[in-house]
Amino acid sequence: MKHSTRRRVRLAAAGIALTLAAGGCGSASAGTDDAATGEVAVDQQIRAMLPDAVRDRGSIQLATDPSYAPMESYAPDGRTIIGFDADLAAALGSITGIRVEMVAADFSSAIDETVKGTYDGVLSSMTDTAEREKLVDFVDYFSAGTAIVVQRGNPRGISDLKDLCGQVVAVEKSTVQADLLRRSQPSCGANKMIIKNFKTNADALLQVRTGRAVAILNDYPPAAHLATDARTRSYYQLASTVQYEPGLMGLAVAKDNTGLRDALRAALDSLIRSGRYTELLQRWGLMNGALASSSINAGS
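Residues numbered from 1 in each chain as written. Predicted model: local features only at pLDDT ≥ 70, side-chain atom pairs only at ≥ 80, totals over all residues. Heavy atoms only, no water.

**Describing the overall build of the protein**
Point 1. Across its full length, the protein carries 9 helices and 15 strands.
Point 2. Looking at the protein as a whole, 56% of its 300 residues qualify as buried.
Point 3. Within the protein, contacts between residues separated by at least 24 positions form 79% of all contacts whose residues are at least 6 apart in sequence.
Point 4. Roughly 12000 Å² of accessible area belongs to the protein as shown, and the carbon and sulfur atoms make up 48% of that amount. (Helix = DSSP H or I, 4+ residues; strand = E, 2+ residues; numbered from the N terminus. Buried < 20%, exposed > 50% of the residue type's maximum accessible area, 1.4 Å probe, protein only. Contact = heavy atoms within 4.5 Å. Areas by Shrake-Rupley, 256 points an atom, 1.4 Å probe, with all protein chains shown as cover.)

Structure representation (structure tokens):
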């Protein structure tokens, strides 16, 4: 999702399993007793890597846009944030012995707010790009490309980006999908796409569901989820199984917060080695995006 030259990976759409959690008050918090983290034990060496301010506060706050199931979304109670990213945050909390809170936030301003110190980081299916690395460091934890989602039945016969020329296309603003659409405009010649940007992915999806847009671009896991989940499959389908510009997703941390970055990376590597990371991917049907190890700023 970060390259100027389009790359494709053809993958069969996988069924997405949805696990629901209860409780919470507008955020997902993780401590050592969180059910989502199993029996993962605190690693005192990793805990010691955390900045003193984080240990003294006893919590890490990560911004997220909960409109992107199965990565992050609201549970049926409309308050609790669930999904793979929420479970990963909980597991990271178990390793560090620090409560990790997923806080609902505006995706387009989450990096700026993290740099200002409003949040400790961003965990929201955010693609690691060279442009974003100018402001934050990424602990890369997942891989995915972009897919095209259309109305069930695909009434406009969309199968490729070129088919979006002359059409209304919805997208969440400040995403790599919005960048991809803008970079694809020259190939349309005079028959330009009409690109409509929305604050949340849910707002953009509504445009497709109601026929006001012919398609939306999403990362592949949420796109496949829309096409297979019982609550949404009657409204949406994949235009194809093509993934455009596959790249890495990362947990973003301010560049001057290297202690937190390195502690979270060490915790992630511990989860990968222990097999807990794989268990969480399997829970949400996301094994296609698994990484063998973490990395720092490897998206660029």
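**Focus on the environment of R261**
Point 1. Relative to the helices and strands, R261 resides in helix α8 (residues 258–274).
Point 2. Sequence separation between R261 and D120 is 141 residues, and the spatial gap between their C-alpha atoms is 9.7 Å.
Point 3. Residue contacts for R261: discarding those within four places in its chain leaves D137, V139, V253 and I296.

**Structural notes on the nonpolar core**
Point 1. One finds I60 and F84 to be the most contacted residues of the largest nonpolar core, which totals 43 residues.
Point 2. Elements with a minimum of two residues in this core: β3 (59–64), β6 (81–82), α3 (84–96), β7 (99–104), β9 (136–151), β14 (242–254), α8 and α9 (276–283).
Point 3. Among the elements that line this core, the one with the most residues is α8, at 8 residues.
Point 4. Of all hydrophobic cores here, the second largest spans 19 residues; its members include V150, L164, C188 and V214. (Core = buried A, V, L, I, M, F, W, Y, C linked by side-chain atoms within 4.5 Å.)

**Observations concerning the sheet that holds strand β4 (residues 67–68)**
Point 1. Here we have 3 strands laid out as an open sheet, ordered β4-β5-β6, and antiparallel in their pairing. Bordering the open sheet on either side are β4 and β6, each of which pairs with just one other strand.
Point 2. In this structure, β4 lies alongside strand β5 (residues 72–74), joined through 2 bridges in antiparallel fashion. Looking across to β5, one finds that S67 is bridged to S73. (Pairing = 2+ DSSP bridges.)

**Quick look at helix α7 (residues 220–228)**
Point 1. Taking burial as the measure, the 9 residues of α7 include 8 buried ones, the bulk of the element.
Point 2. Looking at the buried positions of α7, the neighbouring elements they touch are β4, β9, α6 (201–209), β12 (215–219), β13 (236–238) and β14.

**So, the confidence of the model for the protein**
Point 1. Summary statistics for the protein give a mean pLDDT of 89 and a share of 87% for residues scoring 70 or more.
Point 2. Contacts from residues 1–38, a stretch scored under 50 in pLDDT, to residues over four places away or in other chains number 128 contacts. (pLDDT = per-residue confidence, 0-100.)

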